[in-house]
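What follows is each chain in one-letter form.
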Amino acid sequence: MQVIEDNPQETTQADIVVGIPSYNEADRIAFPTQRADEGLRQFFADRSAVILNCDNNSPDGTREAFLGAPTQTPKIYLSTPDNIRGKGYNIRNLIRKAVDLSAKAVIVLDADLKSITPRWIRNLGEPIFEDSHYVAPLYVRHKYEGPVTNNIAYPLTRALYGRRIRQPIGGEFGFSGEMARKFAETEEWDEAVLNFGIDVWMSTTAMRSGVEMTQSFMGGPRIHEIKDTAAGTAQIFRNVVGTIFQLMRGHETFWREVKWSKPTAIFGFGLGEIEVPPPVKVDADALWNEFDVGVRSQADMYTAILKPECHEKLLEVAGLPREAFEFPTVLWAQVIYDFAWAYKNQVFPHEDLLTGLMPLFYGKTLSFVLETEAMNTHQVEEIIEEQCLQFEKTKPYLLERWFSG
Amino acid sequence: MAKILVVDDEEGIRMLYSMELEDEGYEVVTLSDGKDLLKIVKREAPDCIVLDIKMKEYSGLDLLQEIRKKHYDLPVILNSAYSSFKVDLKSVAADYYVVKSSDLAELKDRIKIALETRIPGK
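Along each chain, numbering runs from 1 in the same order as the chain's sequence is written. Chain labels run from A onward and ligand labels from 1 onward, assigned in the order the entries are written. Restriction of local features to residues with pLDDT of at least 70 applies here, the model being predicted, together with a cutoff of 80 or more for giving and counting side-chain atom pairs; totals for whole chains, interfaces and linings are based on all residues.

**A look at the overall build of chain A**
Each helix and strand counted, chain A has 17 helices and nine strands in total. Radius of gyration here uses only the C-alpha atoms, and the compact-globule reference equals 2.2 Å multiplied by the residue count raised to the power 0.38. Expected size for 405 residues packed as a compact globule is a radius of gyration near 22 Å; at 21 Å, chain A falls within 12% of this value. Considered along the principal axes of its C-alpha atoms, chain A spans approximately 65 × 45 × 40 Å. Using C-beta atoms placed from the backbone, we call a residue buried if 20 or more other C-beta atoms fall within 10 Å of its own, exposed if 12 or fewer do, and partly exposed for counts in between. Counting only residues that meet the buried cut, chain A has 49% of its 405 residues in that class. Here, residue contact means that the backbone-derived C-beta atoms of the two residues sit within 7 Å. Of the contacts formed within chain A by residues at least 6 apart in sequence, a portion of 86% connects residues at least 24 apart. Helical segments are the DSSP runs of H or I of at least four residues, strand segments are the runs of E of at least two, and each set is numbered from the N terminus.

Shown next, in the form of structure tokens:
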């Protein structure tokens, strides 16, 4: 695939590459670009660096906005050709260019970040120079933010691959030059990964590779442009869950052998005050309606996919009154594992499977919201850790289902 | 037989845990403070450490970071009468955090899990 490149300072080598993937971010991209520049000058002044925008040929002037943002660090603009869209394509271009530049560290930032400070560059980059090969972020997040992460991505990737990465689909992360070469050599650049499954593909590839990983505390909350929340969550759900299920097929030899999980090193604790994240509103009525309607409209799929004991329990849950609604995590784990099996065996077309799973995801999310209503952030984190342990304890259910056909 | 190192500055806790964990079939070594912890770990080569947090002269959270620098994969279970230390990010480096109780069922369960943990390639 042709890559469009604009390298005004003719940079051919950089110890550190800060990559900012984008599509139509002309109004927003200058901010993270300039914060990255400040961070590089403040914390890595002794290292060569470049800031790289990997774009999907945005028609709104993103290229001009990026190249026009005043920085002392050189900049490179890369783009896919017209009509090629997807964050995965952007990240692939970034990875290949980082390898060409002989980068020792690559830091990735989302283009619409509003809360980034120069210190984020340090926190994502420094662990790499201390022998970590993959750095995932740790944010302060509101308890209702990140339902796909809290209820599926974190517990499932942890149970499968044995590594505790709290934000496996965080938009900001770092990796070493060596890890970049591993990513570049992969044969797994399929449609799901090239579109928007790239974040979870990268984090789970790092988990499987046995490299040293770090979780770096960003200190502040992650604030970014809020797009349509309901539609955004649905799209994230499809991309992330579809990619995780897809990768399970290719890596069953690995995750079959994983028992329980190990903690991951932390960087950046004790670095100043922790800010309170902005509140997140939840429409509990909408969640209930999606679950209630979906359970009936997808009844045939659930009968076909869920093991009888799991299906029976789901019907019990579906019969609970709204005021007493609870979706136990063990049941949720069994549902996920049954759907993963169904995805592997194409019991239904993949897109239909993900559509069928969504009402149950909304039900689980509602249950989580109700359970944690009166809790603070730390108490909610304990609930999430307990959910993860339930996914791990339920793994024999997955093993039995998956490997017995 | 797996060897468990129990680090706690209270004699009663060390005695109780020794008795209960030996009944489970473990070999138990105890330590009353964090002094020379790394030397003891090197000498005894435990399979798992149960580590108190609030000790007179040492913080279990700081000791945990020291252990992790030398023994990244050694299971460490933080054990405290206080759940409040969970808010300290340093505690994330532990395999598990168990609040002290007269019923050791949860501690025994976490020790069992920690000893069974297996990640290919590590």
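**With respect to the overall build of chain B**
Counting its regular elements, chain B contains four helices and five strands. Relative to the compact-globule value of 14 Å for 122 residues, chain B shows a C-alpha radius of gyration of 13 Å, a close match. For chain B, buried positions account for 33% of its 122 residues. Across chain B, every contact between residues at least 6 apart in sequence was considered, and the portion connecting residues at least 24 apart equals 60%.

**Examining the packing of helix α1 (residues 30–43) of chain A against helix α4 (residues 118–125) of chain A**
All names here are of chain A. Axis separation between α1 and α4 bottoms out at 7 Å; the angle between their running directions is 60 degrees. Of the possible angle classes, the one that applies to α1 and α4 is oblique. Classified by chirality, the crossing of α4 by α1 is right-handed. Of the residues in α4, those in contact with R35, A36, E38, G39, L40, Q42 and F43 of α1 are P118, R119, W120, I121 and R122. Partitioned by chemical class, the residues of the contact of α1 with α4 number six nonpolar, two polar and four charged. In this description, a line fitted to the C-alpha atoms serves as the axis of each element, helices being fitted only across the stretch in contact, and the angle between N-to-C directions of two axes falls anywhere from 0 to 180 degrees. With respect to orientation, any angle under 35 degrees is reported as roughly parallel, any angle over 145 as roughly antiparallel, any angle of 65 to 115 as roughly perpendicular, and every other angle as oblique. The handedness criterion is simple: a crossing whose near helix is rotated anticlockwise from the far helix by less than a right angle is left-handed, and one whose near helix is rotated clockwise is right-handed. Gly is placed with the polar residues, together with every amino acid not listed as nonpolar (Ala, Val, Leu, Ile, Met, Phe, Trp, Tyr, Cys and Pro) or charged (Asp, Glu, Lys and Arg).

**Describing the domain arrangement of chain A**
Residues and elements named next belong to chain A. Where each domain starts and ends follows an automatic or database-derived domain assignment. When the domains of chain A are assigned, the result is domain 1 (4–267) and domain 2 (284–403). Of note, the centres of domain 1 and domain 2, computed from C-alpha atoms alone, are 29 Å apart. Domain 1 puts 23 residues into the contact, and the matching count from domain 2 is 25 residues. Of all the secondary structure elements, the ones that give two or more residues to the side of domain 1 that touches domain 2 are α5 (147–161), α9 (229–250) and α10 (252–257). Take the side of domain 1 that touches domain 2: its biggest share by element is nine residues, from α5.

**Re the sheet that holds strand β1 (residues 3–7) of chain B**
Residues and elements named next belong to chain B. Judged by pairing direction, the sheet is parallel, and its five strands sit side by side in the order β2-β1-β3-β4-β5 without closing on themselves. Where the open sheet ends on each side, the last strands, each with one partner, are β2 (27–31) and β5 (96–99). Across the sheet, the mean angle from the axis of one strand to that of its neighbour is 20 degrees, orientation sign disregarded. Only strands that DSSP links by at least two bridges are regarded as paired with each other. Here strand β4 (residues 76–80) pairs with β5 via four bridges, running parallel. Following the sheet pairing, I77 is matched in β5 by Y96. Running at roughly 155 degrees to strand β3 (residues 48–52), helix α3 (residues 60–70) makes contact with β3 and β4 of the sheet. The strands touched by helix α4 (residues 105–116) within the sheet are β1, β3, β4 and β5, with β5 carrying the most contacts at an inclination of about 165 degrees.

**Brief notes about the interface of chain A and chain B**
If you look at the interface, chain A gives 15 residues, while chain B gives 18 residues. Secondary-structure elements contributing two or more residues to the side of chain A that touches chain B are α10, β9 (265–267) and α16 (377–393) of chain A. In the side of chain A that touches chain B, the residues fall into eight nonpolar, three polar and four charged.

**Concerning unusual backbone geometry**
Residue and element names in this part refer to chain A. Residues other than glycine seldom take positive phi values, yet E10 does so here, at roughly 55 degrees. With respect to the helices and strands, the residue E10 is situated in the loop between β1 (4–6) and β2 (16–22). For E10, a count of 7 C-beta atoms within 10 Å translates into the label exposed.

**A few points about the pairing of β1(B)**
All names here are of chain B. Within β1, four of the five residues are buried, leaving the element largely enclosed by the surrounding structure. In the sheet, β1 pairs with β2 via five bridges, with the strands oriented parallel. The residue of β2 that forms the bridge with I4 is V28. Note: β1 against β3, four bridges, orientation parallel. Across the sheet, residue V6 finds its bridge partner in β3, namely V50.

**Let's talk about the nonpolar core**
The term nonpolar core refers to a group of buried residues, namely Ala, Val, Leu, Ile, Met, Phe, Trp, Tyr and Cys, whose C-beta atoms join them within 7 Å. The biggest cluster of nonpolar side chains holds 111 residues, and the ones touching the most others in it are I16(A), V17(A) and V18(A). Per-element tally for this core: the top contributor is helix α14 (residues 329–344) of chain A, with 11 residues. The residue makeup of this core includes at least three contributed by each of domain 1 (4–267) and domain 2 (284–403) of chain A. Each residue touching V18(A), except ones within four places of it in the same chain, is listed here: A36(A), L40(A), A49(A), I51(A), L52(A), I107(A), L109(A) and I121(A). Among the nonpolar cores identified, the runner-up in size contains 29 residues, and L21(B), V50(B), L51(B) and A93(B) belong to it.

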